[in-house]
Amino acid sequence: MNKSPNVLQNIGYILKEIWKHKRSLYFNCFIYTVMNGISVFAGLYIPPRIIDALLNTAAKQQLIVLLILFAVTGFAVAYARLLFNQAYAMMIQFRFVLCEYHQRTCLSVPFEQMETLEFEDRVFSAFRCIANNSSGIEGAMHRLYEWPSYVTILIISSTALIKSGLPLFALACAVGIGKFYIACIAANKKDVCKPEQDTLARKVKYYGYMMKDRDMALELRLPLIQRMLSRRYVSLRRAALALKCRQTKIELDAKLIDALVDVAKDAIVFVYLILSVLAGRLTIGTLILCINAVESFSAAIESPLKDYRAIRDDNYSICEFRSFITDTDCREQKGGIQISQIESIQFEHVSYSYPNAEKKALDDVCVSIHRGDHVAIVGENGAGKTTFIKLLLGLYSPHSGRILVNGLDLCRIEQKSYYRSLAVLFQDFHILAFSIAENIALSETAFDEDSIHRVLDTVHLHQRIDDLTKGIYTPAKKTIEDYGTEFSGGEAQRLALARTLYKKADMVVLDEPSASLDPVEENKLYTLVDSILKDQTVIFVSHRLASTRFCDNILYFQNGRITENGTHTELIKNNRGYAALYNSQSQFYKN
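Everything numeric here is computed off the predicted structure, so don't read it as measured data.

**Quick word on the overall build of the protein**
Helix and strand counts for the protein stand at 20 helices and 10 strands. In summary, the protein has a C-alpha radius of gyration of 35 Å against a globular reference of 25 Å for 591 residues, an excess of more than 25%. Seen through its C-alpha atoms, the protein measures out along the principal axes to roughly 120 × 55 × 50 Å. Here the protein, with 591 residues, has 45% of them falling under the buried criterion. Within the protein, contacts between residues separated by at least 24 positions form 75% of all contacts whose residues are at least 6 apart in sequence. Summed over its atoms, the accessible surface of the protein is roughly 31400 Å², and 58% of this surface lies on carbon and sulfur atoms.

Take a look at the structure:
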């Protein structure tokens, strides 16, 4: 959205989305408005008539009828309250639909976009719009639901005021509009603080999460880290508090002016009405009618204007939400070319640069990988290995050159069909707080128990799992269930490897699969993986070169380029960068 929508455009958006997902809310609102109108009409006109009837001894029969009517309107009040409670539940359900919008956008946004701080701020700002019942879109819905009733009250009360005298009607209109103008000035001043408020809130949330994170609990017990974290957290809290104080002062100043205007309005109304009674122009009952009509009319003007002001306060977050779900680049390709298997991958003069980087992360990379190849991606830190893998997986798009899969440009291939042919084990993998079987199969029901036991045996975890009371149905963490288990670093890596092997994909990418294993176990693992995946395409990414002896081809990266390419024996004979790195590591193992 090139230009942020205004309040009325956002109101239109909310109403359209309600019509799309919760159309019954409109019917509920119509009946509520009718019931509320009946109760307001009765509350405004019947009590003055009752008072006049009490003062007139000849109107006893009329008094009884009025009392019965007043009692009957109690039903309208009760029914209106019931309808509002039903509407409240519908609004919560609608907000959950918007939460699904937000979730789907987060899951489908390109990975390279997610790595920016700007995206994190957008995620936080958009979620703030749907985070609770009282603000954002649901808060706006609560207010919009009452607006038809305000219109009804306005018509009923203005009719009474006009009959009683135009001065009161003009005064009530002037006061309502004046108070709305003051509130808009305050809202504009508060809006200036919104971007800074979101950034501070995101940072405070991060530090708060760190202090409660179980995975960081051990490190956070060290006094130096505690002091550093506490200082930063307190500093951010103080900055957030100072910003909140600025916003609160703006609100309090506006409320003070609002209260002074109300006092002046009430004084003028009472003086005018008392003089009218003393002059004989009004009865006591009509006096009460006018007082109630002024209050109802003022409320019917001020409440929607106040609601509009509240929606105006939330307009920033509503705009952020709409922008996030409509403008965010979500590359969930539809209608792309489907592939059933991966026969080959080619990088043709591929280059890639990170934002604000002085040099290219990958520079003119050309390489071909064919079905059944076992390829090692090696090099020192910052050489371009991770960037190469992210481009191969379609997480990044090349800035120049192209990537071909089975001779087709990767950007033309349906993403889901491509990923079905891939199995990836990242270095920073995550074990989920689900059952062990679900962690391996990544499915709640559709999994093959025999295959799960087979891959667990392959990665030497079978005995460990068999010792558990619930076996493969034991949760892999204690986060949700007390009877869950906890895996050591090496065991968790083996479980993640089992997940990769279970998929039986055409191409397997292993990013530092032995990072938590000792050299002996590492050698066993690579021997095992090489024998199991001998007919599949395997790409090993590693700082440690134990995997390279099992590979048909080794790509040695340096400064974003492939500077060496060949088998382990060939590269050792070349005696260049790869040989130096291998010899330094082998010497370390010997020592």
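**As for the sheet that holds strand β7 (residues 507–511)**
Taken together, six strands build an open sheet; the order of strands is β6-β7-β8-β3-β9-β10 and the sheet is mixed. Both outer strands of the open sheet, β6 (422–425) and β10 (561–566), are each paired with one neighbouring strand and no more. Strand after strand, the sheet turns through a mean of 15 degrees between neighbouring axes, direction not considered. The pairing of β7 with strand β8 (residues 537–541) spans five bridges and is parallel. Paired with Leu510 across the bridge in β8 is Phe540. Helix α17 (residues 489–502) rests against β6 and β7 of the sheet, and its axis sits at about 175 degrees to β6.

**Some points on the pairing of β8**
Most of β8 sits out of view: five of its five residues are buried. Residues Thr537, Ile539 and Val541 of β8 are buried on one face, and the alternating residues Val538 and Phe540, pointing to the opposite face, are buried as well. Of the strand pairs in this sheet, strand β3 (residues 374–379) and β8 are connected by four bridges, and their pairing is parallel. When the bridges of β8 are listed, Ile377 appears paired with Val541.

**Structural notes on the pattern of salt bridges**
For the coordinates displayed, the defined rule picks out nine salt bridges. With a shortest N-O distance of 3.8 Å, Lys360 and Asp363 are connected by a salt bridge. The structure contains a network of salt bridges with shared partners spanning Lys360, Asp363 and Arg561.

**A look at the packing of aromatic side chains**
Applying the stated criterion across every chain yields a total of 14 aromatic pairs. Centroid distance Trp19 to Tyr26: 5.4 Å. Interplanar angle 70 degrees. Geometry classified as edge-to-face. An aromatic cluster is present here, built from Tyr32, Phe84 and Tyr145 joined pairwise through their rings. Here the basic side chain of Lys470 rests over the ring of Tyr483, its NZ or CZ set 5.3 Å away from the ring centre.

**What about the environment of Val269?**
Tracing the backbone through its elements, the reader meets Val269 in helix α9 (residues 223–278). Residue class for Val269 comes out buried when judged on its relative accessible area of 5%. In this structure, the C-alpha to C-alpha distance between Val269 and Leu391, residues 122 residues apart in sequence, is 73 Å. The residues touching Val269, leaving out its near neighbours within four places in the chain, are Leu168, Leu171 and Val294.

**Looking at the packing of helix α1 (residues 7–21) against helix α11 (residues 315–327)**
Where α1 meets α11, the closest approach of the two axes is 10 Å, and the angle between their N-to-C directions is 55 degrees. It follows from the interaxial angle that α1 and α11 lie oblique. Two packed elements cross with a definite hand, and for α1 against α11 that hand is left-handed. Across from Val7, Gln9, Asn10, Tyr13 and Ile14 in α1, the residues of α11 making contact are Asn315, Ile318, Cys319, Phe321, Arg322 and Ile325. Along the lines of polarity and charge, the residues of the contact of α1 with α11 split into seven nonpolar, three polar and one charged.

**Some thoughts on the sheet that holds strand β1 (residues 344–352)**
Sheet architecture is open: four strands sit in the order β2-β1-β4-β5, paired in antiparallel fashion. The open sheet has two edge strands with one neighbour each: β2 (362–370) and β5 (408–409). The sheet contact formed by strand β4 (residues 400–405) and β5 spans two bridges and is antiparallel. Looking across to β5, one finds that Val405 is bridged to Leu408. Helix α12 (residues 385–392) contacts β1, β2 and β4 of the sheet and is inclined by roughly 125 degrees relative to β1.

**A look at the side chain of Ser39**
Looking at where Ser39 falls in the secondary structure, it is placed in helix α2 (residues 24–55). For Ser39, a relative accessible area of 14% puts it in the buried group. Setting aside anything within four residues of it in sequence, one finds Ser39 in contact with Thr73, Ala76 and Val77.

The rules behind each value
Residues numbered from 1 in each chain as written. Predicted model: local features only at pLDDT ≥ 70, side-chain atom pairs only at ≥ 80, totals over all residues. Heavy atoms only, no water. Helix = DSSP H or I, 4+ residues; strand = E, 2+ residues; numbered from the N terminus. Rg over C-alpha atoms; globule rule 2.2 N^0.38 Å. Buried < 20%, exposed > 50% of the residue type's maximum accessible area, 1.4 Å probe, protein only. Contact = heavy atoms within 4.5 Å. Areas by Shrake-Rupley, 256 points an atom, 1.4 Å probe, with all protein chains shown as cover. Pairing = 2+ DSSP bridges. Axes fitted to C-alpha atoms, helices over the stretch in contact; angles between N-to-C directions. Salt bridge = Lys/Arg side-chain N within 4 Å of Asp/Glu carboxyl O. Phe/Tyr/Trp six-rings, centres within 6.5 Å; stacked < 30°, edge-to-face > 60°. Lys NZ or Arg CZ within 6 Å of the ring centre and 35° of its normal. Parallel < 35°, antiparallel > 145°, perpendicular 65-115°, else oblique. Left-handed = near helix turned anticlockwise from the far one by under 90°. Nonpolar A, V, L, I, M, F, W, Y, C, P; charged D, E, K, R; others polar.

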